[in-house]
Each structure stands twice: as structure tokens, then as C-alpha cells.
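Observations on the three-dimensional arrangement
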Amino acid sequence: MRKLFRFLLFTTLPLAIPASVQAGGFVYPFDQISATSCKWNPWSSLNDDCKIDLPRISGANYSQYEKNQLYRRVYTVLWGATYDYGWDVGLGSHLGVDIATSAGTPVRSIGDGNVVYAGWSNGWGNVVTIKHVLSDKAVIYSNYAHLSKILAKNGEVVLAGQNVGEVGNTGNSYGNHLHFQIDVTNQAHPYYYVTCGKGLDPLSVVNKGLCQDFLKLNTIDPIAFLESGKVAIPGEATKAVIEAVKNRPVEKVDRSKMKTRAEIQQEEIQEFLKSNNISINLSDKGTNVMAGSSIWSSVTSGNVQGKATRGNFPEAGLDLVYDASALSVFPEKIVALEGGKREFRVTAKKTGAFEIAFKMGQTVIAKRTIVVLSKTDAEKPATAEIRAPNDIVLGESKNVLVIMKSKYGTPLLDSKFEGRYVLRVLKGKAKFCNASKNEVQNCRTEKLSDELEFTYEDTYRWALQAQIRAFAYAPISLQLVRIDLPNRPSVTRLNRDISVTAPKGLDNTYAYYAENVAALQKGWFPTKDGYLLQNRELVGSGAKELIRRYLGYRWLKAGNDFAKKKSVGADIVRFERDFGKTDDFARITRGQLAGLVFEYKREPISTSGGTPFVDEGGAWRDVIATLRIRYSFQWKDQFGARYFQPDKTVTVGEALYLMEKIGE
């Protein structure tokens, strides 16, 4: 009220206007505005294609334009109209005209004059008021409200067309626009807060057409004034022009044939949604809120090219609709984004599952359910979910998640739930490997187990991360059991079986097909992206993985024989130390592979004897002899009965055949 008092006092003081200032004609408050499809973005970001000359309502003939979508979206509320329709002139008591355009659009003085107020006004936000003296000493005041920036100073002399501010959304405003009003008196602003509508809701005053006598006494239709024909001619604007505008017949309006503002806004909303994607990002705690606490979440938006939305939502804004008895949300309406993002806070009042609808006009953009938990709800999982692949390739490892859930079905994110659990295979042949709490790792064969026992401490925030590896073609069924309660109750089962498929590239007519399948069933070689490339040459990386898995297989097979496990463990350490440094891309020969297997198989090597292979000699002589004598080994090709070919590079399929023949 102190600011208002200073404003009233200031506007009653006589102001001397230089004669040169009085000579200027009147212009519209805009030269250019944003195209309606671009008005959500700041003026500074618009290219030339997004800027248009301000459309003029010629002769203030509203009925000629009332069905024109462009004019309805630019001139959102006319003088003497209601907020509900915007163009129902004579049925409401809107004090000026609202012109929609991008935030930051330059606003110019309509004529020469003196700035009598530049500052904040309750309701209008940032406002500039300019006093104009007409040629016959009559006075009018032009007002420019809801500005984002004021570019004029109190007492400053301005000229017609001079920028005095930039369009904004300050004060009681929804969406970027200029409230442009012409007064013929110096009453306090906005009128209805302090005069005939005092104590009433200003929206109701306007929509019910109250205070119309006050409207006509103190203001004139700004469009009709600027379209009067003489105001653009220096020195021609007089009190007679004002009286002619005031006495202008009011057009009859047929609302039944007129679109409401809500319908116009809905068209804008649909246009906006076609070019902008809105997403709701709940906090990193998911949908759960502890009773009495709050979470911060966000609304983000980007255009179809992926760039962050800069600026405002359509005038209706984005409403957050919810049960106020259960939740408190701030803000309840989001009208603008900064850098494509706006945060909102959800505070929980009582336990339960409650929905928040994100609504723009009549369109529901999204719905999110917020679950409010008690301490007991968070600590006692009511159920769980096993997330596993639909299928898995024989010998392949894939990720599995076990997610503990509340009685409302939401993940117990960061909730220290109680209990001890076991994930096990009910049907099929597979083994598990527990993964790191931070990320899923490729499990070593020796770390595989028939089932996984875990508590909250073994999970990452709320989920057990693991891997599963298939060892047979039989479908796999999984079950989660709680083991710290009597009778070991089942918590959940995977609602479908995991099918086990053959690797792509595994040809059943291949000479080594049966041995390759048997090797895969022991988990001796990894498939890559579901493929087993039988005829590809084995290189260092494949050889290392083959021996690693073979040693891991021996470890598992040792069972409770700790002496054997100790021996295999020593071999694993030695292998990583010696062969683990082998070049991943080095080609491996038949002789090298056979030598590696025997080195870590820990069995005596035979010396050459009997009828040798033709090429049974050199560095691999004893290895070849052992294969021939002890295992009756020979390759399945035309040379297999007489030649081992130790210097020939070995293929993946041949390597698995060799391992299957001698690896047990």
C-alpha cells in the first residue's frame, strides 16, 4: 500500500511536457511479435521465421476477426470482454487488451509522453505508465503491465516507438503477454483492487461484467483508439477522438458461435505438445515417500530435435492435480521452465498410494503414483519381483535382478528391509553368480553356485544384482524363498520360464557338433552376442577364457574335496600370472592349445611310441603322443588319421572338440 500511495501521489502532480513531445503521433505498442507457434520460447532465441508484424484489427471491427485463429491467439482478451471468451466485447469488464507474445518481446510507448510510474504494482507486476498530452491539452495514460523488464525511468520523457519494457509474466498473470490499457483518468491501478471491485475476486468482476460504468468512465478501448484514423497524425488526437471512442457502439456478440478461450488454449496446447516432449522424473528414491517427509522431483521438456524447451508452457500452464488430504505439492502449477527443467516438491501426509495427474488444459500429460510408506512398510517387504531375460543361449551368462517391494508393489529403494532370502532354480540346469553391489560383473566359473543367499547388505540400494548361466537346453524356472522364517515361505516366482536356445552359428551338420554342445553344457566357452563362430580362428582372448572356464569347471567339480580345490586354485593363480598376459589377438595353434590343456590338467605326459603321426615331433612331440596313446585322439578331417598338424591355427569349434575329448 505504501508503493500504491506513492504512485497515487506522484500521478496527481502536474507534469510539464515539452512542446516537441506533444507533436508525435500514436503507434501500436509492438512493431513485431512472435509467431504463435514460437511464443513459448524467449524473444532472444527466435530466428526471423518466428517473428511477424503485429496483426492489426482494422477499424476495431472485431466480428470480422473473431473466428480467425491467429487473431484469437494474439489478442487473447479484448477491452470490455470476459476472460472466459476473450472476444465477447460488451459482456465483460476487462480494462484493456491482452496481447500474447514471447517473453522479452520489446514493448514500445504508443506516443510521446512522460513516464509517471515505472515499477512494481500489485496484480500488474512490473508496469510502466506514461502520460500523454493531446493537442487540445486533453490527457490519456498508457499502461504496459506484466513486464519481465522495465526499460524506462520515472519522470523520463519518451518518444513514440521508444522501447519502455519487455513482455513478461509478472503479477497476476498466466502466460507471457502484455496487458495494454489506456486510461482517461489517473485512478489507482489495477482499478478493481481498490475501487468498485474492492474485496471481490477480479476474475469474477471481469467475467460477470461488473463495474462496467467505472470501466467506461475511466478507460477507453485501446484498439479502437489506435484505429480511430487520426491518432497516428501528429497533433490530430484530441478529446473529441476520445469521446468518439467512448461513444462507439458496442457490437452484439453471439457467444454460441464463438470459441471460448479454453478452446483456443486447448488448440495451442495440442500444437505445443506436438513439438515438445514432456517427461516427469520422480526423485532417485523412486515413487516412495516416507510419511512426514518430502521428495524433490522434476518436469523436463525438450523439443522434437532433443533441445531443452526454453521459456513458457501455454497460458494454461501445467497443473499438478492430487489428493490434498494425502499429499502437499509445490508448486501446484508450472508455467515456465529454465533450461528445460522445473523442480517440484511432494510432501507426504498419510500412508497409502496416491496419484498425481499432470494436466495441461483438458489434456492429461502423465500420471504418477506416489506411495507413502510407514517405517514398518519400508522394513518388511510384502513381495518381490524377479527380472530375468526371456531366453538365454546355452553357456551364456545374463543379468538377473531381484527387487524387494512394498505392499503397494513399489521397489523399496534405499529401504533397509529385513530378512534372509535365497534365489534358486526350481527347474532346468543353471547356476548363479552374485555380482558387485555397484555394477554387474562377468562372473568367473569358479564363483558360480546353485543358489544365492542374500540380505539387504548384499544388494545395491534395493536390488540384488546377479548373473545366471544355462548349462542345458531345458527351460529354467526361478523362485525366491525367505529362509529366516519357519517353513521357508516362497516370496515370489518368476512368472514364466527362461527358454534356453542354441547359439547362432552352431551347425548341427558340423563335424564337431556333438562335442561342441557337450563343451557348452559344461560352460567351457562363452558365446558372444548369442553366436558361436565355429570356424573362426581361436585367438589369445578366446584361449584365455577357455582355460579359465576349464579351471573353474574343475574347481566346481572338486566339490568338498578341499585338497583338489587347493590344487586347482594354485593352477588358476599360475595361469593368470603366466598365460594371462598373452596378447588377446595372437593366433593360437593346435599344439599350443594341447600343451596348455595338459599343463593345467596335471597328468603325466607320455613319450612317443607306437605308430606315430607323420608330424609327431618337435616341441609338441610328447603332447601329441599323449593325445594319440591315452585318448586315441585324431582330428575329423581328411588328414586326421595321419597328421596332428601342430603348427596349424586352431578354430573355436576344433578347440571345443579337443577340450571335450581330453578335458574331463
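For the structure given in this document, a descriptive report is provided here. (Residues numbered from 1 in each chain as written. Predicted model: local features only at pLDDT ≥ 70, side-chain atom pairs only at ≥ 80, totals over all residues. Heavy atoms only, no water.)

Remarks on unusual backbone geometry
- In the segment running from F330 into P331, the intervening peptide bond is cis, with an omega of -5°.
- Within the secondary structure layout, P331 lies in the loop between β18 (327-330) and β19 (333-334).
- Despite not being glycine, R488 shows a phi value in the positive range, around 45°.
- Among the structural elements, R488 can be located in the loop between β31 (477-482) and β32 (490-493).
- A positive phi angle is found at S632, which is not glycine, with a value near 50°.
- With respect to the secondary-structure elements, S632 resides in the loop between α14 (621-631) and α15 (652-662). (Helix = DSSP H or I, 4+ residues; strand = E, 2+ residues; numbered from the N terminus.)

Section: the sheet that holds strand β26 (residues 397-405)
- Here four strands make up an open sheet; going across it, the order is β24-β26-β30-β28 and the pairing antiparallel. Looking at the sheet topology across the chains shown, the edges are occupied by β24 (383-387) and β28 (430-434). Pairs of neighbouring strands in the sheet enclose a mean axial angle of 30°, with direction left out of account.
- Looking at chain direction, β24 and β26 are connected through five bridges and run antiparallel. Counted as the bridge partner of I386 is V402 from β26. (Pairing = 2+ DSSP bridges. Axes fitted to C-alpha atoms, helices over the stretch in contact; angles between N-to-C directions.)

A few points about the pattern of salt bridges
- Taken as a whole, this structure holds 36 salt bridges when the rule is applied.
- A salt bridge links E446 to R444; the nearest nitrogen and oxygen atoms lie 3.4 Å apart.
- Measuring nitrogen to oxygen at the nearest pair gives 3.4 Å for the salt bridge that ties R444 to E576. Of the two residues, R444 is situated in the loop between β28 and β29 (451-454) and E576 in helix α12 (residues 562-578); the sequence distance between them amounts to 132 residues.
- E576 gets classed as partly exposed once you look at its relative accessible area, which sits at 26%.
- Each member of the salt-bridge network shares a partner with another, and the members are R444, E446, E545, R548, R549 and E576. (Salt bridge = Lys/Arg side-chain N within 4 Å of Asp/Glu carboxyl O. Buried < 20%, exposed > 50% of the residue type's maximum accessible area, 1.4 Å probe, protein only.)

Considering the sheet that holds β19
- Reading across from one edge, β14-β23-β22-β17-β19 is the order of the five strands in this open sheet, with mixed pairing throughout. The sheet terminates laterally at β14 (288-290) and β19, the two strands that pair on one side only.
- Where β14 and strand β23 (residues 363-373) come together, three bridges link them in parallel fashion. Bridged to V289 within β23 is V372.
- Against the sheet, helix α8 (residues 261-275) makes contact with β22 (352-360) and β23, and its axis sits at roughly 75° relative to β23, the strand it touches most. (Contact = heavy atoms within 4.5 Å.)

Topic: the packing of aromatic side chains
- The final tally for this structure, using the stated rule, is 25 aromatic pairs.
- On the numbers, 6.3 Å between centres and 40° between planes, the contact of F598 with Y631 is tilted. Taken together, the residues span a long stretch of sequence, with F598 in helix α13 (residues 590-601) and Y631 in helix α14 at a distance of 33 residues.
- Where F633 meets F644, the ring centres are 6.1 Å apart and the plane angle is 55°; that geometry is what we call tilted. Residue F633 is found in the loop between α14 and α15, and its partner F644 is found in the loop between α14 and α15; the two are separated by 11 residues along the sequence.
- Feature note: the residues Y510, Y512, F613, F633, W635, F644 and Y657 constitute an aromatic cluster, connected by ring pairs.
- Here the guanidinium or amino end of K522 rests over the ring plane of W524, the centre of that ring lying 5.4 Å away. (Phe/Tyr/Trp six-rings, centres within 6.5 Å; stacked < 30°, edge-to-face > 60°. Lys NZ or Arg CZ within 6 Å of the ring centre and 35° of its normal.)

Topic: the packing of α13 against α14
- Where α13 meets α14, the closest approach of the two axes is 9 Å, and the angle between their N-to-C directions is 70°. When the interaxial angle is binned, α13 and α14 end up roughly perpendicular. For the pair α13 and α14, contact is made by A594, G595, F598 and K601 and by V623, T626, L627 and Y631, respectively.
- Taken together, the residues of the contact of α13 with α14 break down into five nonpolar, two polar and one charged. (Parallel < 35°, antiparallel > 145°, perpendicular 65-115°, else oblique. Nonpolar A, V, L, I, M, F, W, Y, C, P; charged D, E, K, R; others polar.)

So, the packing of helix α11 (residues 540-557) against α13
- Direction vectors running N to C along α11 and α13 enclose 25°, while the axes themselves pass 11 Å from each other. Between α11 and α13, the angle falls in the class roughly parallel. Crossing geometry of α11 relative to α13 is assigned as right-handed. For the pair α11 and α13, the contacting residues are L546, I547, Y550, L551 and R554 in the first and L593, L596, V597, Y600 and K601 in the second.
- When grouped by side-chain class, the residues that make up the contact of α11 with α13 number eight nonpolar, no polar and two charged. (Left-handed = near helix turned anticlockwise from the far one by under 90°.)

Comments concerning the state of the cysteines
- Evaluation of the coordinates by the stated rule reveals one disulfide.
- In this model C38 forms its disulfide with C50; the gap between the sulfur atoms is 2.1 Å. Its S-S torsion of about -60° marks the bond between C38 and C50 as left-handed, since a negative value means left-handed. In this pair, C38 is assigned in the loop between β1 (32-34) and β2 (51-53) and C50 in the loop between β1 and β2, connecting sequence segments 12 residues apart. We note that C38, like C50, is buried. (Disulfide = S-S within 2.5 Å.)

Notes on the pairing of β29
- By the alternation rule, side chains of β29 split into L452 and F454, which are all buried, and E451 and E453, of which none is buried.
- Where strand β27 (residues 421-427) lies against β29, four bridges are found, and the strand directions are antiparallel. Directly across from Y421, in β29, lies its bridge partner F454.

With respect to the pairing of strand β7 (residues 125-133)
- For β7, a buried count of nine out of nine residues is recorded, marking the element as mostly surrounded by other parts of the structure.
- Sheet analysis places strand β6 (residues 113-121) next to β7, joined by seven bridges and oriented antiparallel. Across the sheet, the residue bridging to S121 is G125, located in β7.
- With antiparallel pairing between neighbouring strands as the criterion, β6 and β7 make up a hairpin whose turn holds three residues, including G123 at a positive phi of roughly 95°.
- Both β7 and strand β8 (residues 139-150) contribute to a ladder of seven bridges, which runs antiparallel. The residue of β8 that forms the bridge with N126 is L147.

Some details on helix α10 (residues 513-521)
- Along α10, the residues classified as buried are E515, N516, V517, A518, A519 and L520.
- Those residues of α10 hidden inside the fold are in contact with α15.
- The first or second residue beyond α10 is G523, which carries a positive phi of 75°.

Structural notes on the environment of I278
- Mapped onto the fold, I278 is located in strand β13 (residues 276-281).
- Taking the C-alpha atoms as reference points, I278 and S301, separated by 23 residues in sequence, lie 4.4 Å from one another.
- Leaving out residues up to four positions away in the same chain, I278 has contacts with F272, L273, V299, T300, S301, F313, M360 and I365.

Section: the environment of I233
- Here I233 shows up in the loop between α6 (222-226) and α7 (239-246).
- Residue classification places I233 among the partly exposed positions, given a relative accessible area of 41%.

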